Amino acid sequence: MSSVEALDWREIRSLDQLFALEEQWRVLGKACQAELFNCPNWLALWSKQFWDEHCELYCMAGFANEKLVVLAPFYTRRSAKFLGIKQLFLLGQGEPEQAEVASEYPDVLVINDYLDEASKTLALWLTKLKFDVFAARAVIEQSILHRLVMRLPHAQSVQACRYSLKPDQWSIKQLSRNARSQWRRAEKALVAKGAEFKWLTQSEIEQYWPHMVEFHQARWQSKGKLGAFAEQSFMQFHQQFRQQHPNSVAMSGVFIDQQPLALNFYLLEGQQLHFYQSGWDDKHCSQYSPGFALHVWSILNSKAVLYDFMMGATAQSYKAKFSCDETNLVNLSLINSPWRIRLFKLVDKIL
């Protein structure tokens, strides 16, 4: 009998049972080279912040000789509104839109030797789950999750793009001509002002975090939008993540006389920097292009093997000006009950 045939499948229905597997989960994540957003550090905090009485866990775990080799942590969230539409997500996505923490690259974790058996078992299991809508954003094309969902009836996908580059192989010459000119003007102006670029220490990250939030909010609110940091649960999630996992965050900044002009916040995973949020003094310093200049400096002065801009539009994204490598992403959706969705939208509009 092969090792695949010997898999022991267990359905996990509570978060306590799921996170009791945390150590094995970490080992599985490393073996699968899992992204940060699929690992227990991130998802444990996400669950504490965004899990509520409308959520129900549906997780399948596969074991080979008591070793965790497959983990598929899905859950449903039922709308509190009339008709109670039941949505299916992978753990880490599906929080309220205004508080979205952007857990990108969601995936099912599977040791490669068990991929065929896991794909068949999980596809059959998903068809038996009761839900109205499935959604997943920023899924890597041809990831296990993508291949799994696209086997199901009525699955749809919309293209997006991941922009990333390798700092040790990147130079100013790879900027577009206009971007090179922008960098030279910005660098000259900032040097003339006595500006200092630097990576921040952990204590400095906490010191300057409110400045980044203020910059970010002012820019978006000037456009008539709330801004990501308007939601308290979003703020609490990131405060707890920084405090509990200080080695998993980084921040760069450009300063004049200790006053920040621009700040970039990153999630740090191994030797990968995920650019997550930023803010700059748009009111007083926009003529210096401090946000753009900080990206250039951060790439040139990063020890990371990958500088990840994360998801962007497939066309006219500012991220493309850095001559990034582009990885195809998809936003997945699947509607099991189209009539319920239409009725729900109609009733919601009336009410």
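None of these values were measured; they are calculated from a predicted model.

Student: Can you walk me through the overall build of the protein chain in this structure?
Tutor: Along its length, the protein chain carries 10 helices and 13 strands. Computed over C-alpha atoms, the radius of gyration of the protein chain comes to 22 Å, within 12% of the 20 Å expected from 2.2 N^0.38 for 351 residues, which places it in the range of a compact globule. Each of the three principal axes of the protein chain carries a C-alpha extent, and together these read 70 × 55 × 35 Å. Within the protein chain, contacts between residues separated by at least 24 positions form 73% of all contacts whose residues are at least 6 apart in sequence.

Student: I'm lost on the pattern of salt bridges in this one. Help?
Tutor: Two side chains bearing opposite charge may form a pair once their charged atoms approach each other closely. Counting across every chain of the model gives 11 salt bridges. Among the salt bridges present, the one from E56 reaches R13, with a minimum N-O distance of 2.6 Å. Linking E56 in strand 2 (residues 55-64) with R13 in the loop between strand 1 (8-12) and helix 1 (15-19), this pair joins segments that are 43 residues apart in sequence. A residue is classified by how much of its surface remains accessible, and E56, at 34% relative accessible area, is partly exposed.

Student: What am I meant to see in the packing of aromatic side chains here?
Tutor: Each pair of aromatic rings is reported with the distance of its centres and the angle of its planes. The full count for this structure, using the stated rule, is 30 aromatic pairs. Aromatic side chains F74 and F134 sit 6.2 Å apart centroid to centroid with 55° between the ring planes, which places their arrangement in the tilted category. In this pair, F74 is assigned in strand 3 (residues 67-78) and F134 in strand 6 (residues 133-140), connecting sequence segments 60 residues apart. Residue classification places F74 among the buried positions, given a relative accessible area of 1%. Ring geometry for Y307 against F309: centres 5.2 Å apart, planes inclined by 65°, an arrangement best described as edge-to-face. Across this residue pair, the class does not change: Y307 and F309 are buried. Note that R13 overlies the ring of Y58, its terminal NZ or CZ placed 4.0 Å from the centroid. Taking the ring centre of F255 as reference, the NZ or CZ of K198 above it sits at 5.1 Å.

Student: Help me understand the pairing of strand 13 (residues 325-335), please; the structure alone is not making it clear to me.
Tutor: Remark: a regular strand shows side chains that alternate across the two faces of the sheet. As paired elements, strand 6 and strand 13 share 6 bridges and run antiparallel to each other. Paired with A136 across the bridge in strand 13 is L332. Pairing of strand 7 (residues 155-165) with strand 13 involves 10 bridges; the strand directions are antiparallel. Its bridge partner being in strand 13, S157 is matched across the sheet by L332.

Student: Is there a simple way to explain the state of the cysteines in this structure?
Tutor: Summed over all chains, the structure comprises 0 disulfides. Of all cysteine sulfurs, the one in C32 lies closest to C39, which takes part in no disulfide; the gap is 9.4 Å.

Student: I would appreciate a short explanation of the nonpolar core in the present structure.
Tutor: Taken as a class, soluble globular proteins show a tendency for nonpolar side chains to be buried jointly. Of all hydrophobic cores here, the largest spans 88 residues; its most connected members are L18, W42, F74 and F134. Each residue touching W42, except ones within four places of it in the same chain, is listed here: L36, F37, V101, S103, F237, H238, F241, L267 and Y276. Counting 31 residues, the second-largest nonpolar core is a separate cluster that includes F275, Y288, I299 and F322.

Student: Could you clarify how one ought to interpret helix 8 (residues 232-244) in this entry?
Tutor: Given 3.6 residues per helical turn, the α-helix brings residues three or four places apart onto the same face. Spanning 13 residues, helix 8 covers 18 Å between terminal C-alpha atoms, matching the ideal 18 Å at 1.5 Å per step. Buried within helix 8 we find S233, F234, F237, H238, F241 and R242. Here the buried face of helix 8 lies against helix 3 (40-50), helix 7 (202-221), strand 9 (249-256), strand 10 (259-269) and strand 11 (272-280).

Student: Looking at this structure, I do not really get the packing of helix 3 against helix 8. What am I missing?
Tutor: To describe two helices that pack against each other, one gives the angle between their axes and the distance between the axes. Look at helix 3 against helix 8: their axes get within 10 Å of each other, and the N-to-C directions meet at 145°. For helix 3 against helix 8, the interelement crossing comes out right-handed. Of helix 8, the residues touching helix 3 (which contributes N41, W42, L45, W46, Q49 and F50) are S233, Q236, F237, H238, Q240, F241 and Q244. Considering only residue class, the contact of helix 3 with helix 8 consists of 6 nonpolar, 7 polar and no charged.

Student: Got a minute to help me understand the side chain of S302 in this structure?
Tutor: Examined against the element boundaries, S302 turns out to sit in the loop between helix 9 (290-300) and strand 12 (306-312). Note on S302: relative accessible area 14%, which makes it buried. Polar side-chain contacts of S302 include one of 3.0 Å to the backbone nitrogen of A304. Not counting residues up to four positions away in its chain, the partners in contact with S302 are P167, W199 and L273.

Rules behind the numbers
Residues numbered from 1 in each chain as written. Predicted model: local features only at pLDDT ≥ 70, side-chain atom pairs only at ≥ 80, totals over all residues. Heavy atoms only, no water. Helix = DSSP H or I, 4+ residues; strand = E, 2+ residues; numbered from the N terminus. Rg over C-alpha atoms; globule rule 2.2 N^0.38 Å. Contact = heavy atoms within 4.5 Å. Salt bridge = Lys/Arg side-chain N within 4 Å of Asp/Glu carboxyl O. Buried < 20%, exposed > 50% of the residue type's maximum accessible area, 1.4 Å probe, protein only. Phe/Tyr/Trp six-rings, centres within 6.5 Å; stacked < 30°, edge-to-face > 60°. Lys NZ or Arg CZ within 6 Å of the ring centre and 35° of its normal. Pairing = 2+ DSSP bridges. Disulfide = S-S within 2.5 Å. Core = buried A, V, L, I, M, F, W, Y, C linked by side-chain atoms within 4.5 Å. Expected span 1.5 Å × (residues − 1). Axes fitted to C-alpha atoms, helices over the stretch in contact; angles between N-to-C directions. Left-handed = near helix turned anticlockwise from the far one by under 90°. Nonpolar A, V, L, I, M, F, W, Y, C, P; charged D, E, K, R; others polar. Polar contact = N/O pair within 3.5 Å; in protein donor to acceptor, adjacent residues only side chain to side chain.

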